[in-house]
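Coordinate analysis (summary)
Residue strings, one per chain:
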Amino acid sequence: MDQPKNMPPSYQDDEITLKELIGKITEFWLELWDKKWWIIAFSLPFVIYFGYKAKTTVVTYQAALTYSMNDGSSGGGGLSGILGSFGLGKGGKVNLDKIVELSRSRNIIQKVLFTVISLDSAGRKPDYIANHLINLYSLDEEWTSKKKDWKGFRFKTDSIKAFNIDELLALKMIYGQVVEGGKEKIPIFTNGFSEDTGILTMTALTVDEELSIVFCNKVFEELKDYYILSSTKSNKKSFGFVAAKTDSITNLLRSKQYQLARFNDSHRNLSDQTMLVQRKILETEIGKLTLMYGEVTKNYEIADFSLDAGSPDITIIDEPLPPLDAKEKSLLISLIIGGLLGGLIGAGLVIEEKL
C-alpha cells in the first residue's frame, strides 16, 4: 500500500528541543545560585583539609644524576673479530632495563644504606645512612604497632650476616621505603632512562638536601663498581689463564736454555754420538718452546688489550650540586583545588536532589 503523501514527520514524544535544554540549564543554574551558601559551606572542609596538607607537608629536595653507559667490548671493528677468535671481548648492547633493576637491587641499596656519613641536620654525627633515614622520617614510630614496638631502633652494625630477625626485618622495611615509598608511595630513590638518547637518570628525594646528593652519588658508585666487576669477570679469568701459561712457558724455556748452556760448557769438542743426540734433543725442545713462547706472548697481549678495551665505559654527564630546588606544595593552589573539588561535589549533590 502506498504511504499517504504530505504527511507531517513523526517525532518522539520525549525529544528535547534546544529551547527546553536551555530552560533546563537555566533551571539548574538558578537552583545552584539559590543554594550557593550551602555549597560554599560544604566546600569549607575540603579547603581546610587541602590547606592543612600543604602547610604540614615536609619540604623535600630532589638530587638528579645523569650518566651514560657504553659496553666497551661491543666495538673495536676488525680487532673485536680477532679477540672473538680467541674467545675474548665478546660484548653486546647494554641492556638499560637491566641497569635500572640492578641499581634498585637490595645488594646495591644496602651497601649505600650502611655507608657512614655525617649531616648538618644530625649535628655532623657520623652514622649509617639507614639510621639517618630512620631519624629524619621517624620510621621507628611509623613501624610501631600492637605486634611490635620499634621505637628507638637503630642499626648498630653493617654485618648483615650477623643480623638477628628484627634487624633483617628492619632492613627489608627501610629498603621498601627507599625503592617503593612510604605512606604516600613516593620512593626515595628512582632510576630510569630515555629510549631516544639512552641517557640514564637516577634521582634521590629526601627531606635533607645533603643526604639526597650523597645518596645519589653513592648509588652510582656502587652500581659502577658492581657492573664493571661483573662485566670484566670473564675477561679477567681469560687474562689470568693466559698470563699463567705465559709464565709457565717462559720459565720452562729459560730452564732449557740454561740446561743447554751447561751441556755445551761441559761437553766441548764432542765426538760421542750419544752426547750429540742429547744436545740435538735440547735444541729441538728449545725451538718448540720458542715458537710456543711467541704464540703465548701474542695471546697475552690480546688478552691484556681485551681486558682494558672490554671494560664498560660508565660516565657521569651531570652530577647533583647544591643548592637543590626545594619541593613543597603551594598553599594557594592547594586551597583552590580544595575549593573546586568541594564545590563540584556540592553542586553534584544539589543537581542530583533536583533530578
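A brief look at the structure comes next. A quick note: this is a predicted structure, and the numbers were derived from the prediction, not measured.

Rules and cut-offs
Residues numbered from 1 in each chain as written. Predicted model: local features only at pLDDT ≥ 70, side-chain atom pairs only at ≥ 80, totals over all residues. Heavy atoms only, no water. Helix = DSSP H or I, 4+ residues; strand = E, 2+ residues; numbered from the N terminus. Contact = heavy atoms within 4.5 Å. Buried < 20%, exposed > 50% of the residue type's maximum accessible area, 1.4 Å probe, protein only. Lys, Arg positive; Asp, Glu negative; His and termini not counted. Salt bridge = Lys/Arg side-chain N within 4 Å of Asp/Glu carboxyl O. Pairing = 2+ DSSP bridges. Expected span 1.5 Å × (residues − 1). Arc of directions from axis to C-beta. Patch = residues over 30% accessible without salt bridge, like charges linked within 9 Å, V, L, I, M, F, W, Y side chains within 5 Å. Areas by Shrake-Rupley, 256 points an atom, 1.4 Å probe, with all protein chains shown as cover. Core = buried A, V, L, I, M, F, W, Y, C linked by side-chain atoms within 4.5 Å. Phe/Tyr/Trp six-rings, centres within 6.5 Å; stacked < 30°, edge-to-face > 60°. Axes fitted to C-alpha atoms, helices over the stretch in contact; angles between N-to-C directions. Parallel < 35°, antiparallel > 145°, perpendicular 65-115°, else oblique.

With respect to the side chain of Q110
By the secondary structure assignment, Q110 is in helix 5 (residues 106–113). Among residues more than four places away in sequence, those in contact with Q110 are I160 and L171.

Topic: the side chain of E167
Here E167 lies in helix 8 (residues 165–179). One buried charged residue, E167, remains without a salt bridge, the closest side chain of opposite sign being K156 at 6.7 Å. Excluding anything up to four places from it in sequence, E167 contacts F153, F155 and A162.

A word on the pairing of strand 1 (residues 60–70)
Sheet analysis places strand 1 next to strand 7 (residues 326–327), joined by 2 bridges and oriented antiparallel. Bridge pairing links T60 to K327 in strand 7. Where strand 1 meets strand 5 (residues 200–206), 7 bridges bridge the pair, whose relative direction is antiparallel. In the strand pairing of strand 5, T66 is matched with T201.

Side note on helix 1 (residues 18–34)
Over its 17 residues, helix 1 extends 24 Å from the first C-alpha to the last, a length consistent with the 24 Å expected when each residue adds 1.5 Å. For helix 1, the complete set of buried residues consists of F28, E31 and L32. Here the buried residues of helix 1 occupy an arc of 100 degrees about the axis, which is enough to place them on one side. Relative to its buried face, helix 1 has exposed residues pointing more than 90 degrees away, namely L18, K19, W29, L30, W33 and D34.

Quick notes on the pattern of salt bridges
Applying the stated criterion to the full structure yields 6 salt bridges. Among the salt bridges present, the one from E101 reaches R104, with a minimum N-O distance of 3.8 Å. For K218, the salt bridge goes to E221, with nearest N and O atoms at 3.9 Å. You can see K218 and its partner E221 sitting in helix 9 (residues 209–231), 3 residues apart, about one turn around the helix.

Digging into a nonpolar patch on the surface
There is a patch of nonpolar side chains on the surface, built from L18, L21, I22 and I25 and spanning about 410 Å² of accessible area. With respect to the helices and strands, L18 occurs in helix 1.

Describing the nonpolar core
Grouped together as the largest cluster of nonpolar side chains are 48 residues, with contacts concentrated most on Y67, L113 and F155. Every element with two or more residues in this core is listed here: strand 1, helix 4 (96–103), helix 5, helix 6 (129–137), helix 7 (139–143), helix 8, strand 5 and helix 9. At 9 residues, helix 9 tops the list of elements feeding residues into this core. In contact with F155, other than residues within four places in its own chain, are F114, Y128, A130, N131, I134, F163, E167, A170 and L171.

So, the packing of aromatic side chains
Applying the stated criterion across every chain, the model contains 12 aromatic pairs. A centroid spacing of 5.4 Å and a plane angle of 20 degrees characterise the contact between W38 and F42, whose relative ring orientation is stacked. Here W38 pairs with F42, and both are found in helix 2 (residues 36–56), just 4 residues apart, close to one helical turn. With a relative accessible area of 43%, W38 lands in the partly exposed category.

Some points on the packing of helix 6 against helix 8
The geometry of helix 6 relative to helix 8 is characterised by a closest axis approach of 11 Å and an angle of 75 degrees between their N-to-C directions. As the angle between them shows, helix 6 and helix 8 are arranged roughly perpendicular. Counting all contacts with helix 6, which are made through A130, L133, I134 and Y137, the residues of helix 8 involved are I174, Q177 and V178.

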